[in-house]
Structure formats: C-alpha cells, structure tokens
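# Structure assessment
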Amino acid sequence: MSAGSPDREKTWTVLELLTWTTDYFKRVGIESARLDAEVLLAHALETERLRLYIDYEKPVQKAERDAYRTLVQRRAQDRIPVSQLLGEREFWSLGFKVTSDVLTPRPETETLVEWALSKAKGGSQEPAQVPEKEGKLRILDIGTGSGAIALALASELPHAELMATDLSPAALQIAAENADELRMAERIRFVEGDLFEHLKAEGVKEPFDLIVSNPPYVARADEGSLPPELSHEPEMALFAGQDGLDVIRRLVAEAGDHLSSGGWLGIELSPEQADEVEGLLKEAGFTDVERRFDLASRPRVVAGRWP
Ligand SMILES: C[S@@+](CC[C@H](N)C(=O)[O-])C[C@H]1O[C@@H](n2cnc3c(N)ncnc32)[C@H](O)[C@@H]1O
C-alpha cells in the first residue's frame, strides 16, 4: 500500500476504506479525519453519509474507488476543504453552492442569524426589538459572500426587504446563484461595493432597521499560524489589517448614517475582539451594546442600537 492511496488491486469494503482514510487524514494533521472520510466516500458513492453505516461490509467498485481516491488526495495533499471538494455546504438547513470565490459558511455564523431574528421577530418570551413601523422591515447584510446570512434571514422573514453588498463581484455571482437555486432571487437585492458605497447610487432605499455583517476579521499578524485549508478561501473574506479590525472599525463608524432611529447593527467577530468592538460601538454612539455567544460559549456577535 502506498503512502497516499490504498492498494488498487485489493477489494475494499466501505469500512476498510473509511478506516484507512481516517488514519491517513490523521497522519497528515486533518482534525475532522473520520467525518471528512465519511462525507467524501458518501459523495463518491452518491449516497447519504448515514447509509455508509448500513453498507460497512459492502465492496466498493473500482470506478467509485477511483473517484474517492482523487477526493482523498486533494483533501490530504492540497488541503482543499471538504465544502469546496463537494461544491456545497449546508447553512441554516439550506444548501449553498460554495467555490474558492466565497467563504464557506460556518456554523458559528448561525449565532448572528439567531441574533438578527430575535431583533426582527422576538423570541417566545420577548417582542421584536426593531422599531414598530408601517412598511416592511429593511435589512442589510454587508459582505454577503455566498449569501448565507441574507438568504437565511429571507427564509425566516417573508415580509422583510433584504439588501446585501460585497466588494467581490465573483462572490456576488455565487450569492445570486444561491438566491436563484433557493428560489429567493426576488427577495434580495445584491449591490457590489465597499461597505455602504454604491447603495445610494443604486437607488437603494435607506435607512435600514437591521444591519448584519460577518466581515473579514482575521489578523494579518496570525497569518502564519492558520490552518492550511484557509489558503483556499478568498483573502478578501479573511484578512482585515494587522489586528483584524480594519473593516469592523469602518463599519461601526459608518453604520449610524444608514440606520433608522432604534435600528440595530450586529457584527460577527473573533471572540478575543469582543471587548474592543464593544468599546468601538459605544464610542460611535451606539446604545444597549450587547454580545451573543456561539455553541462553544464564546462571544461571537457584538451588537448595538442606534439611538
Ligand atoms: C467573512 S466573509 C463572510 C461571508 C458570508 N457573509 C458568511 O457569513 O459566510 C466576508 C465577506 O466580506 C467581503 N468583504 C470584504 N471586505 C469588504 C468591504 N470592504 N465591503 C464589502 N464587502 C467586503 C468579502 O468579499 C467576503 O465575501
């Protein structure tokens, strides 16, 4: 057996392939080794991941093994993320097309979606917290990437008007395809530009009741210690200056000019940035500054209300 691929002549069962690949992935430093092996094998076999457990003893045909081997090598040697190998990722129970032009939507970003929904519709115990108004609730997603946040919100808020911006035309193309595929193209207006730039020129009605953003927030200073998979995601989606706060600083400084009185700005960030961003929001004049925690109990969203 060679180092990077299982013996081609032998008959391999599902379980044998999974065991071999898990071990191989672990050796090259892939943390989610077993999960990745299962997802890739299910993809090569065009079946559901859970089906593999029933088919453990089933031999895998040569053509399927060849397809699987290619995926395994690209995962292990090139460290391409599973989402890009498959071309898709689930977020908020919706399927999103993913390429190297967009950040793969992450589970922690669902914290921002939950926060926005709590402001837009309230929870079982609390009323909605955006101001009462006659017209539709107006929501802006800055740095929409694959469209994950805007489309998740559109799926939950059938009466809201949604706008989304991104600096990357290639990302906006994927976002538009996702909106189309999810049959929500009519629900969202996409505008290319730097933060709020071009909204006015494009005739977008302001102000907004809610502004949400998962901006780039990785510090250049941390570049050397990042997992190799991140090199396959767009630089523009990740890095924001030496301390990772360049885009957030501008976002906080400019957002007030685009928010209705009583409207909210919610920002996803890296947990260690929460104190500083809370300070930035207060300095810019936001009130009721609050934070929300992700599933690992780390501060993941910091938000404030425009007076
Ligand atoms: C961290 S990704 C988030 C993508 C998506 N919203 C999500 O949560 O999966 C940040 C996105 O912001 C975009 N971006 C970076 N700088 C920007 C700027 N100055 N104005 C608008 N968008 C920007 C990037 O192109 C990228 O799509």
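Each remark here, short or long, concerns the structure printed above.
The structure contained in this document is the topic of the report that follows. (Residues numbered from 1 in each chain as written. Predicted model: local features only at pLDDT ≥ 70, side-chain atom pairs only at ≥ 80, totals over all residues. Heavy atoms only, no water.)

### Let's talk about the overall build of the protein
Threshold: Numbering of helices and strands runs from the N terminus, with a helix taken as a DSSP run of H or I at least four residues long and a strand as a DSSP run of E at least two residues long. Here the globule rule is a power law, 2.2 Å times the number of residues to the power 0.38, and the radius of gyration is based on C-alpha atoms. Buried means the residue's accessible area, taken with a 1.4 Å probe over protein chains only, is under 20% of the maximum for its type, while exposed means over 50%, and partly exposed covers the values in between.
Of regular secondary structure, the protein possesses eleven helices and nine strands. Scaling as 2.2 N^0.38, a compact globule of 307 residues should have a C-alpha radius of gyration of about 19 Å, and the protein matches this with 22 Å. Taking the principal axes of the C-alpha coordinates as reference, the protein spans close to 70 × 40 × 40 Å. Burial statistics for the protein: of 307 residues in total, 50% are counted as buried.

### Considering the site of the ligand
We count it as follows: Residues are counted as near a molecule or strand when any one of their heavy atoms sits within 4 Å of it. Here a polar contact is taken to be a pair of N or O atoms separated by no more than 3.5 Å, where protein atoms must pair a possible hydrogen donor with a possible acceptor and residues adjacent in sequence count only if both atoms sit in side chains. Each accessible area is a Shrake-Rupley estimate made with a 1.4 Å probe; only the visible protein chains count as cover when residues are assessed. In this count, Pro and Cys sit with the nonpolar residues alongside Ala, Val, Leu, Ile, Met, Phe, Trp and Tyr, while Asp, Glu, Lys and Arg are called charged and the others, Gly among them, polar.
Around the ligand lies a shell of 18 residues, among which Gly143, Asp166, Asp194, Leu195 and Asn214 are the nearest. In the environment of the ligand, an oxygen atom lies 2.8 Å from a nitrogen or oxygen atom belonging to the side chain of Asn214. Computed on the free molecule, the ligand has an accessible area of 600 Å², of which 96% lies beneath the protein chains in the complex. Classifying every residue of the shell around the ligand by side-chain character gives nine nonpolar, seven polar and two charged.

### Section: the sheet that holds strand β7 (residues 259–268)
Where strands meet in a sheet, backbone hydrogen bonds hold them as pairs that are either parallel or antiparallel. The test is simple: In this analysis, strands are considered paired if DSSP registers two or more bridges between them. With axes taken as lines fitted to C-alpha atoms, and helix axes fitted only over the stretch in contact, angles between N-to-C directions fall between 0 and 180 degrees. The contact criterion used throughout is that any non-hydrogen atoms of two residues lie within 4.5 Å.
Taking strand neighbours across the sheet as the criterion, the seven strands line up as β5-β4-β3-β6-β7-β9-β8 in an open arrangement whose pairing is mixed. The strands lining the two open edges of the sheet, one partner per strand, are β5 (188–192) and β8 (287–293). Ignoring which end each strand starts from, the neighbouring axes of this sheet average 15° apart. Inspection of the sheet shows β8 paired to strand β9 (residues 299–305) by five bridges, in the antiparallel sense. When the bridges of β9 are listed, Phe293 appears paired with Pro299. Contacting β3 (138–142), β4 (161–166), β5 and β6 (208–213), helix α7 (residues 148–156) runs over the sheet at an angle of about 175° to β4. The sheet contacts of helix α8 (residues 169–181) involve β4 and β5, and relative to β5 the element is tilted by about 170°.

### Let's talk about the side chain of Ser168
Within the element layout of this structure, Ser168 appears in the loop between β4 and α8. For Ser168, a relative accessible area of 11% puts it in the buried group. Setting aside anything within four residues of it in sequence, one finds Ser168 in contact with Asp101 and Met236.

### Details of the pattern of salt bridges
Let me state the cut-off plainly: Definition used for salt bridges: Asp or Glu carboxyl oxygen within 4 Å of a side-chain nitrogen of Lys or Arg.
Considering all chains together, one arrives at 26 salt bridges under this definition. Linking Arg249 and Asp243 is a salt bridge whose minimum nitrogen-to-oxygen distance equals 2.4 Å. For Arg249, a relative accessible area of 31% puts it in the partly exposed group. Where salt bridges share partners, they join Asp36, Arg75, Arg79 and Glu229 into one cluster.

### Topic: the environment of Leu157
In this fold, Leu157 is placed in the loop between α7 and β4. Contacts of Leu157, omitting those with residues within four sequence positions, involve Leu117, Ala120, Lys121, Ile139 and Arg187.

### Structural notes on the nonpolar core
We count it as follows: Here the nonpolar core consists of buried residues drawn from Ala, Val, Leu, Ile, Met, Phe, Trp, Tyr and Cys, with membership extended through side-chain atoms lying within 4.5 Å.
Counting residues in each nonpolar core, the largest one holds 32 residues, and the members touching the most others are Val113, Trp115, Ile139, Leu153 and Leu210. Mapped by element, the contributors of at least two residues to this core are β2 (94–97), α6 (110–121), α7, β4, β6 and β9. Element by element, the count of residues in this core is highest for α7, at seven residues. Apart from the residues within four sequence positions on either side, Leu210 is in contact with Trp115, Ala116, Lys119, Ala120, Val130, Arg138, Ile139, Leu140, Leu259 and Trp264.

### Regarding the packing of helix α1 (residues 14–27) against helix α2 (residues 33–44)
Quick reminder of the rule: With respect to orientation, any angle under 35 degrees is reported as roughly parallel, any angle over 145 as roughly antiparallel, any angle of 65 to 115 as roughly perpendicular, and every other angle as oblique. Note on convention: the crossing is left-handed when the near helix lies turned anticlockwise from the far helix by less than a right angle, right-handed when the turn is clockwise.
The geometry of α1 relative to α2 is characterised by a closest axis approach of 8 Å and an angle of 135° between their N-to-C directions. Comparing the axis directions of α1 and α2 gives the class oblique. For the pair α1 and α2, the crossing hand works out as right-handed. From α1, Val14, Leu15, Leu17, Leu18, Thr19, Thr21, Thr22, Phe25 and Lys26 reach across to α2, where they touch Ala33, Arg34, Asp36, Ala37, Glu38, Leu40 and Leu41. Tallied by class, residues from the contact of α1 with α2 come to nine nonpolar, three polar and four charged.

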